Amino acid sequence: MKIYNGDKIIPGILIGVIILTFPLWLARGKAAATPDIKFDTPVIQKLAVKQCVLPKETMRTSHMVVLNDWRDAAVRNNTRVFTGMDGKKYDINLQNTCMECHSNKTHFCDQCHNYLGVNPYCWKCHIEPKETK
Amino acid sequence: MGINFSLMAVLTLVLVAFAGVKFMGLQMFFGVVAPYAAMALFFTGVIWRVLKWAESPVPFRIPTTAGQQKSLPWIKSNGLDNPSTKAGVIGRMALEILLFRSLFRNTKLEYREGPRIAYEWEKWLWLASLLFHYSFLVVFVRHLRFFTEPIPFFVQGLETVDSLFQVGLPTLYLSDLAFIAAVTYLFIRRIIIPQVKYISLPADYFPLMLIFTIGATGIIMRYVTKVDVISIKQLTMGLVTFHPVIPQGIGELFFVHVFLVSILFAYFPFSKLMHAPGVFLSPTRNMPNDSRIVRHVNPWNYPVPVHTYAEYEDHFRDKMIEAGLPVEKE
């Protein structure tokens, strides 16, 4: 097999392969750290029933939809009560409802958001909870 | 014909992945084996095809490209469309690869009253393909957030720009809109222009439909049905680090999406999609038109045994003198 213009084609192939396999070089076979979410805040520990406003699976995949709906409800429609899964009523409030239990932003919100490169714009308006330690 | 065949092929692939995961528990196959196999096929296939192309010598410059070639000093030459220097060629290749310059020259033949033939600028194909390729690139680069840890800055930056308008949550990506719009246009164009429909084959419809379905499944997962992205990243990072894992609770749609992407990669080396590496090897674009400056020798010229006049005379000199014929050397 005779290759013509190999001086240009072979480096071209190499550059292409290296660029396309970039994630492999970055990982170099090392297992990646997975997010470590903690539910051990003082408020959660005091709860009798450790249950969020909606089932865990729903919150895991769709919490951003809930937050968006809450934002629209509170800011645009002045609706400030949310009826949760068991008919329990919650105050529509990020800082005082969500963050009351999940006061550990760096060990809760940030864990998955950083893992997936998500930059939520919650904290451009809301005040981040003060975390001890 | 081509449409039905391609539609059935894509639907079959969707159903195979869906049923395989839903009823047979083949998460391992669709989540790990298929992507690895597809990647292996993609890289070996593409390299094999490119090396096969490289077996063909392309010694001669093609001067009949648009633009005046370099000639006499008082004739203005077109340095980008018909370059005679290396820098000019790099410029022409950059225009071709980054801005699809030859597609920009696309014209449409029209019969006007008279009858009179007119060639009209037709820029929609160029615009749609530019939109399609760039939105696909953005989508592709954005997906690096599932394949890198930590996520590189440019992926984050791109994501910020892509979700600039902060529509809804999860934020709407502009590239998703552009992608679906462009693919839809390219498909509709193919079926409503009679001449284009006539020359369209399953090999044209299948990649379009496959890519559309990949986009659609991705969009549905992100905006409608939702998936557990943490588990998905664990799976994709498992692939990247060669420690494959199948976390629990990933929906079937994800496996459909990944299987279709695997099919796209596996299909790549055997299809028209090879225009991606192929554009770099376009003989009308990647060679300077310096035929009047440099002598290009045909590489497949074999040595021809020649018998020059001097040798002929050496051979027959005595007989020539004897016969009274004039000779150059006595």
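The structure under discussion appears in the preceding block.
Residues numbered from 1 in each chain as written. Chains lettered and ligands numbered in written order. Predicted model: local features only at pLDDT ≥ 70, side-chain atom pairs only at ≥ 80, totals over all residues. Heavy atoms only, no water.

Asker: How would you summarise the side chain of S200 of chain B if you had to cite specific residues and measurements?
Answerer: All names here are of chain B. Secondary-structure assignment places S200 in the loop between α8 (194-199) and α9 (202-225). Of the polar contacts made by the side chain of S200, one reaches the backbone oxygen of V196; its length is 2.7 Å. Once residues within four sequence positions are removed from consideration, S200 is found in contact with R190 and Y205. (Helix = DSSP H or I, 4+ residues; strand = E, 2+ residues; numbered from the N terminus. Polar contact = N/O pair within 3.5 Å; in protein donor to acceptor, adjacent residues only side chain to side chain. Contact = heavy atoms within 4.5 Å.)

Asker: Lay out the interface of chain B and chain A in plain terms, naming residues and giving numbers.
Answerer: Opposite the 41 residues of chain B that make contact, chain A presents 36 residues. Summed over both partners, the interface of chain B with chain A comes to about 3,300 Å²; 73% of that surface belongs to carbon and sulfur atoms. Counting the contacts that link chain B with chain A gives one salt bridge. With its nearest N and O atoms 3.2 Å apart, the salt bridge here joins D228 of chain B to R60 of chain A. The interface formed by chain B and chain A includes five residue pairs in polar contact (both at pLDDT 80 or more). When residues of the side of chain B that touches chain A are traced back to their parent elements, those giving at least two are α2 (27-54), α6 (153-162) and α10 (229-240) of chain B. Residues belonging to the side of chain B that touches chain A are distributed by class as follows: 25 nonpolar, nine polar and seven charged. (Buried area = accessible area lost by both parts, 1.4 Å probe. Salt bridge = Lys/Arg side-chain N within 4 Å of Asp/Glu carboxyl O. Nonpolar A, V, L, I, M, F, W, Y, C, P; charged D, E, K, R; others polar.)

Asker: Tell me about the nonpolar core, and name the residues and values.
Answerer: One finds F132, L210, F254, F255 and L260 of chain B to be the most contacted residues of the largest nonpolar core, which totals 55 residues. Beyond its immediate chain neighbours, meaning those up to four positions away, F254 of chain B contacts M221, I232 and L235 of chain B. The next biggest cluster of nonpolar side chains, apart from the first, holds ten residues, and it includes W70, A73, A74 and Y90 of chain A. (Core = buried A, V, L, I, M, F, W, Y, C linked by side-chain atoms within 4.5 Å. Buried < 20%, exposed > 50% of the residue type's maximum accessible area, 1.4 Å probe, protein only.)

Asker: Can you tell me about the packing of α9 of chain B against helix α11 (residues 252-267) of chain B, naming the residues and giving the values?
Answerer: Residue and element names in this part refer to chain B. Following both chains from N to C, one finds α9 and α11 inclined at 150°, their axes separated by 10 Å at the closest point. Taken together, the axes of α9 and α11 are roughly antiparallel relative to one another. Note on packing geometry: the crossing formed by α9 with α11 is left-handed. Between α9 and α11, the residues in contact are A203, F206, P207, L210, I211, T213, I214, T217, G218, I220, M221 and T225 and L253, F254, V256, H257, L260, V261, I263, L264 and Y267, respectively. Class assignment for the residues of the contact of α9 with α11 results in 16 nonpolar, five polar and no charged. (Axes fitted to C-alpha atoms, helices over the stretch in contact; angles between N-to-C directions. Parallel < 35°, antiparallel > 145°, perpendicular 65-115°, else oblique. Left-handed = near helix turned anticlockwise from the far one by under 90°.)

Asker: So what's going on with the environment of P277 of chain B? Residues and values would help.
Answerer: Residue and element names in this part refer to chain B. Relative to the helices and strands, P277 resides in helix α12 (residues 275-278). With a relative accessible area of 17%, P277 lands in the buried category. Expressed as a C-alpha distance, the spacing of P277 and R49, which sit 228 residues apart in the sequence, is 9.4 Å. Not counting the four nearest positions on each side in its chain, P277 is found in contact with V46, V50, W53 and F268.

Asker: Could you give an account of unusual backbone geometry, naming the residues involved and the relevant values?
Answerer: Leave glycine aside and you will find that most residues have negative phi; peptide bonds, for their part, are mostly trans. All names here are of chain B. Along the chain, E149 connects to P150 via a cis peptide bond; the corresponding omega equals 0°. Tracing the backbone through its elements, the reader meets P150 in the loop between α5 (124-142) and α6. Cis geometry marks the peptide bond from L169 to P170, where omega comes out at -5°. Summarising the element assignment, P170 is placed in the loop between α6 and α7 (174-192). In this structure, Q166 takes a positive phi of about 50° despite not being glycine. Considering the arrangement of structural elements, one finds Q166 in the loop between α6 and α7.

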